[in-house]
Amino acid sequence: MMGCMTGFRNFHIEGELAGLALGPVLRRLLPGQSWSKVHRLIENRHVEINGNLCVDRGRRLGEGDVVKLWDEPRNAPPREDQLRIRYLDRDVVIVEKPAGVTSTRHSEERDWSPRRRQLQPTLDEMLARVVGRRWRANLAGKARGRRAPPLRVRAVHRLDRETSGLMIFALSAEAERRLTALFRAHRVERRYWAVVRGVIGPQTIESYLVRDRGDGRRGSTDDPSKGRKAVTHIAVREVLGDYTWIECRLETGRTHQIRIHLSEAGHPLCGEKVYHRPRFGAAPPDQSGAVRHALHAFRLALDHPITGERLEFEMPLPDDMRRLIDRLRAAAR
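Structure report, in brief.

The rules behind each value
- Residues numbered from 1 in each chain as written.
- Predicted model: local features only at pLDDT ≥ 70, side-chain atom pairs only at ≥ 80, totals over all residues.
- Heavy atoms only, no water.
- Helix = DSSP H or I, 4+ residues; strand = E, 2+ residues; numbered from the N terminus.
- Rg over C-alpha atoms; globule rule 2.2 N^0.38 Å.
- Buried < 20%, exposed > 50% of the residue type's maximum accessible area, 1.4 Å probe, protein only.
- Phe/Tyr/Trp six-rings, centres within 6.5 Å; stacked < 30°, edge-to-face > 60°.
- Expected span 1.5 Å × (residues − 1).
- Contact = heavy atoms within 4.5 Å.
- Arc of directions from axis to C-beta.

1. Some points on the overall build of the chain
When helices and strands are tallied, the chain shows seven helices and 16 strands. Its C-alpha atoms give the chain a radius of gyration of 21 Å, within 12% of the compact-globule value 20 Å for 333 residues. Projected onto the principal axes, the alpha-carbon positions of the chain cover approximately 60 × 50 × 45 Å. Residues counted as buried form 48% of the 333 residues belonging to the chain.

2. Thoughts on the packing of aromatic side chains
The geometry of an aromatic ring pair is captured by two quantities: the separation of the ring centres and the angle between the planes. Inspection of every chain in the model, using the stated rule, returns three aromatic pairs. Look at W193 and F298: their rings are 3.9 Å apart centre to centre, the planes differ by 5°, and that puts the pair in the stacked class. Of this pair, W193 sits in strand 10 (residues 189-197) while F298 sits in strand 15 (residues 295-303), and the two are 105 residues apart along the sequence. Exposure remark for F298: the relative accessible area of 5% places this residue in the buried category. By the ring-pair criterion, three or more aromatic residues cluster together here, those being W193, W245 and F298.

3. What about helix 7 (residues 319-332)?
The end-to-end C-alpha separation of helix 7 is 20 Å, in line with the 20 Å expected for 14 residues at 1.5 Å each. The inward-facing, buried residues of helix 7 contact strand 10, strand 13 (228-240), strand 14 (243-250) and strand 15.

4. So, unusual backbone geometry
In this model, R45 sits at a positive phi of 70°, which is unusual for a non-glycine residue. The topology assignment puts R45 in the loop between helix 2 (35-43) and strand 3 (47-49).

5. A look at helix 1 (residues 22-29)
In an α-helix, one turn spans 3.6 residues; hence positions three or four apart end up facing the same way. Residues of helix 1 that are buried include every one of L22, G23, V25 and L26, and no others. Down the axis of helix 1, the buried side of the element spans an arc of 165°, and every buried residue falls inside it. If you follow the buried residues of helix 1, they end up packed against helix 2, strand 3 and strand 5 (66-70).

Just geometry here; none of it tells us what the structure is for.
This is the structure:
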């Protein structure tokens, strides 16, 4: 089954297509296209599966998967040499996460071969290699014959694939335990910049989030006993005509919390493709031209889990969001 929108086509995998590899599936869905053309579409980053870029023609598709075929190629995943590490010691690492890379490997991908992992790298795996090289370089010459201990990068929170911003990872078991406790106690300050549809005012949004609000998506429930409390504080930075640049401060950190709260308030993120409509309603128009959902984790502040030192970092707007804001600002004049 296929649906068309400007710039891409969606294919919903069902029936006999389920279980087949991406290459053969596209060959069937694109009658008249040669094998070489199909392979070029995949290798040149025209294909996403369930919102994630896929350049592996052998990726097996499951029932209900959504294959998105873009007219224009998607941005290439960031390279390891493009990662910007803001803080590093033996216990933690703070890094600027680019948009377009997942924070950690999804459970269904953990048995992938090394080749498939290289085709679609995750942030934690790239960090492990980058930090490992730094550690080995620092150790070289200091103690001949000593080996750096095995490095494990441990996720204690996540950002969505399309979300950019600051992340902290633990490098030791004790740091992981203490960071997890800090996040659970809401003692980590996280602030985001977002650009939303419509004009929204300063407010605090509080609700109880569930995995399925009744239409198959995460969302809010009217029954507090069934959901987890989520609180988002919103401040307005600038009204951009029919859009608003806002700052969001998380009091809690539930999965997709900001995206859900803004959507249910009637102001989904520009570029939002999942939480872009109210429950059982139609999606409001989005003429912003955002290339991804416009969300950026610009501030991260916390006490170091081992030393207690105060760590405070901010990250500027990435180029794509800066261009989006400049364009909307110009159009509003």
